[in-house]
Amino acid sequence: VQLQASGGGLVQPGGSLRLSCAASGSSFSNYNMAWYRQVPGKERELVARISNEYRTEYVDSVKGRFAISRDNALNVAYLQMHSLKPEDTAVYYCHGQMYTRSGERLDSWGRGTLVTVSS
């Protein structure tokens, strides 16, 4: 699957944004999807993930503010972000991962989308 992230931009503190990750291919529903973020000089950080069974997990710093979801009919994963803080500023990447029946792990990364939280 190929992934394309979009929806980043400039937002004031306290504002909201919704990121989208559009997937091409027919196996999207089998993929576990996740959003990561990275700032210069730091390692890429897992922000949220949603399994192919819709189980969700979040990093503590975004719990209660961010929500990850997916629409398998549209082949899209979303990251709804509320109450944004300057420390949320980063390039956000979507990631998909699945295991084939033979046990092969497949990983796919989308290009990042920049989120800037600033007044």
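Check the entry above for the structure.
Residues numbered from 1 in each chain as written. Predicted model: local features only at pLDDT ≥ 70, side-chain atom pairs only at ≥ 80, totals over all residues. Heavy atoms only, no water.

## Examining the sheet that holds strand β1 (residues 2-6)
Selection criterion: Any two strands between which DSSP finds at least two bridges are classified as paired. Strands here are runs of E lasting at least two residues and helices are runs of H or I lasting at least four, both read from the DSSP assignment and numbered beginning at the N terminus. Here an axis means a line fitted to C-alpha atoms, over the contact stretch when the element is a helix, while the angle between two N-to-C directions is reported on a 0 to 180 degree scale.
Sheet architecture is open: 4 strands sit in the order β1-β3-β8-β7, paired in antiparallel fashion. Two strands bound the open sheet, and with one partner strand each, they are β1 and β7 (66-71). With strand direction ignored, the average angle separating the axes of adjacent strands in the sheet is 15 degrees. Inspection of the sheet shows strand β3 (residues 17-24) paired to strand β8 (residues 76-81) by 6 bridges, in the antiparallel sense. The residue of β8 that forms the bridge with Ser20 is Tyr78.

## Observations concerning the state of the cysteines
The test is simple: Cysteine sulfur atoms are paired as a disulfide whenever they fall within 2.5 Å. Burial status follows relative accessibility: with a 1.4 Å probe on protein chains alone, a residue under 20% of its type maximum counts as buried, one over 50% as exposed, and anything between as partly exposed.
Scanning the entire structure with this criterion turns up 1 disulfide. Each sulfur of the disulfide joining Cys21 and Cys94 lies 2.2 Å from the other. Taking the torsion about the S-S bond as the criterion, the Cys21 to Cys94 disulfide, at about 65 degrees, is right-handed. With Cys21 in strand β3 and Cys94 in strand β9 (residues 90-99), the pair connects residues that are 73 residues apart, well separated along the chain. Assessed through its relative accessible area of 1%, Cys94 is described here as buried.

## Observations regarding the side chain of Gln97
Along the polypeptide, Gln97 turns up in strand β9. Residue class for Gln97 comes out buried when judged on its relative accessible area of 13%.

## Observations regarding the pairing of strand β4 (residues 32-38)
Of all 7 residues in β4, 5 are buried, a share of seventy percent or more. Across 7 bridges, the pairing between β4 and β9 is antiparallel. For Ala34, the partnering residue across the bridge sits in β9 and is His95. Bridge count for β4 against strand β5 (residues 45-50) is 5 bridges, and the pairing is antiparallel. Along β5, the bridge assignment pairs Arg37 with Glu45. Between β4 and β5, which follow one another and run antiparallel, lie 6 residues, and Gly41 among them has a positive phi close to 85 degrees.

## Comments concerning the nonpolar core
Heads up, the rule is: Among the buried residues, those of types Ala, Val, Leu, Ile, Met, Phe, Trp, Tyr and Cys that are joined through side-chain atoms within 4.5 Å form a nonpolar core. When checking whether two residues touch, look at their non-hydrogen atoms; a contact exists if any pair is within 4.5 Å.
Core analysis: the largest hydrophobic core is formed by 27 residues, its most contacted members being Met33, Trp35, Phe66, Leu79, Met81 and Tyr92. The contacts of Leu79, once residues within four sequence positions are left out, are Leu17, Arg18, Leu19, Trp35, Val47, Ala48, Phe66, Ala67, Ile68 and Tyr92.

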